[in-house]
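The residues making up each chain are set out below.
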Amino acid sequence: MPVLPGAEPYRHEGGEVGVLLCHGFTGSPQSLRPWAEHLAARGLTVSLPLLPGHGTRWQDLALTGWQDWYAEVDRELRALSERCSQVFVFGLSMGGALTLRLAAKHGDAISGIVLVNPFNKMHDPMAFALPVARHFVRSTKGVVSDIAKEGSEELGYTRVPLHAAHSLRQFSRVVDAELPQVTQPLLLLHSPQDHVVAPADSARILGRVSSTDVTEILLEQSYHVATLDHDADRIFEESVSFVDRLASDAKDSREGTTAGG
């Protein structure tokens, strides 16, 4: 199937500091494209891949699972690491969960992570029925475009395939168990008014990671897809400041080692 216009992956060759961006479940790179372009304009090398099963039609998503989505961002991270001296990973919603697993698995290869309304758990009681229901019901209503800003829309699926939702639920358990392995500097931005991911998810992530350099910011004017909402510019600027601070610290450390050695 052809990729929907606007859902294409995005890449930009910039400097020696790279950023990998991970979009959300049933969404597409379109939800993070303005963020990616902002980072590129600041001279960063940027990779924003399209996750398998996304950006075409929901039936394609039904044929994929979390292992496919994670494998894609893992490949992109490794490729980015070959070109850059430092790599950061940013994620929205399920992309936040993908970011956390990359951080848990790759350790010092990732200099810092930025999460926007990260997903941690399915709180809907109906989620418990997914292992059985997915064999009888193909899809349910979608969750795209939870945005407060008038005229702003997210490009994504209006239906959620239950096979993929079941896999997402399994993935959430995998990531939750790995949270204590996350040690990188962390910037977490979340919306008190989020109709897709519960505020409890951000609280649990902050309570379970082992990171000591942690910054939490509330996005008071936005709903779930905050990267396309009223607080988008704040997200972009805060993330650039986060990268600049950590990249500068690493550069000073390297120069200090060279001078001393």
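Residues numbered from 1 in each chain as written. Predicted model: local features only at pLDDT ≥ 70, side-chain atom pairs only at ≥ 80, totals over all residues. Heavy atoms only, no water.

Engineer: Where do I start with the pattern of salt bridges in this structure?
Structural biologist: Pairing between side chains becomes possible if they bear opposite charge and their charged atoms approach one another. Overall, the coordinates contain 13 salt bridges when judged by the stated rule. Between Arg83 and Glu13 there is a salt bridge, with the nearest N and O atoms lying 3.3 Å from each other. Linking Arg83 in helix 3 (residues 66-83) with Glu13 in the loop between strand 1 (10-12) and strand 2 (17-22), this pair joins segments that are 70 residues apart in sequence. A relative accessible area of 57% means that Glu13 is categorised as exposed. Across the pair Arg234 and Glu238 runs a salt bridge, and its minimum N-O distance is 3.7 Å. Taken together, the positions of Arg234 and Glu238, both in helix 8 (residues 232-260) and four residues apart, correspond to about one turn of that helix. What makes Arg234 partly exposed here is its relative accessible area of 40%. (Salt bridge = Lys/Arg side-chain N within 4 Å of Asp/Glu carboxyl O. Helix = DSSP H or I, 4+ residues; strand = E, 2+ residues; numbered from the N terminus. Buried < 20%, exposed > 50% of the residue type's maximum accessible area, 1.4 Å probe, protein only.)

Engineer: Got a minute to help me understand the pairing of strand 5 (residues 112-116) in this structure?
Structural biologist: Two faces belong to every sheet, and in a regular strand the side chains alternate between them. Along strand 5, five of the five residues are buried, which leaves the element largely enclosed by surrounding structure. Burial along strand 5 is two-sided: the residues Gly112, Val114 and Val116 and Ile113 and Leu115 are all buried. As for the winding sense of the linkage, the β-α-β connection from strand 4 (residues 86-92) through helix 4 (residues 94-106) to strand 5 is right-handed. Across four bridges, strand 5 lies against strand 8 (residues 186-190) in parallel orientation. Paired with Val114 across the two strands is Leu187, which belongs to strand 8. (Right-handed = clockwise from strand over helix to strand, strands pointing away. Pairing = 2+ DSSP bridges.)

Engineer: Help me understand the pairing of strand 9 (residues 214-218), please; the structure alone is not making it clear to me.
Structural biologist: By the bridge criterion, five bridges tie strand 8 to strand 9 in an arrangement that is parallel. Across the sheet, residue Leu189 finds its bridge partner in strand 9, namely Ile217. In terms of handedness, the path from strand 8 via helix 7 (residues 199-208) over to strand 9 forms a crossover that is right-handed.

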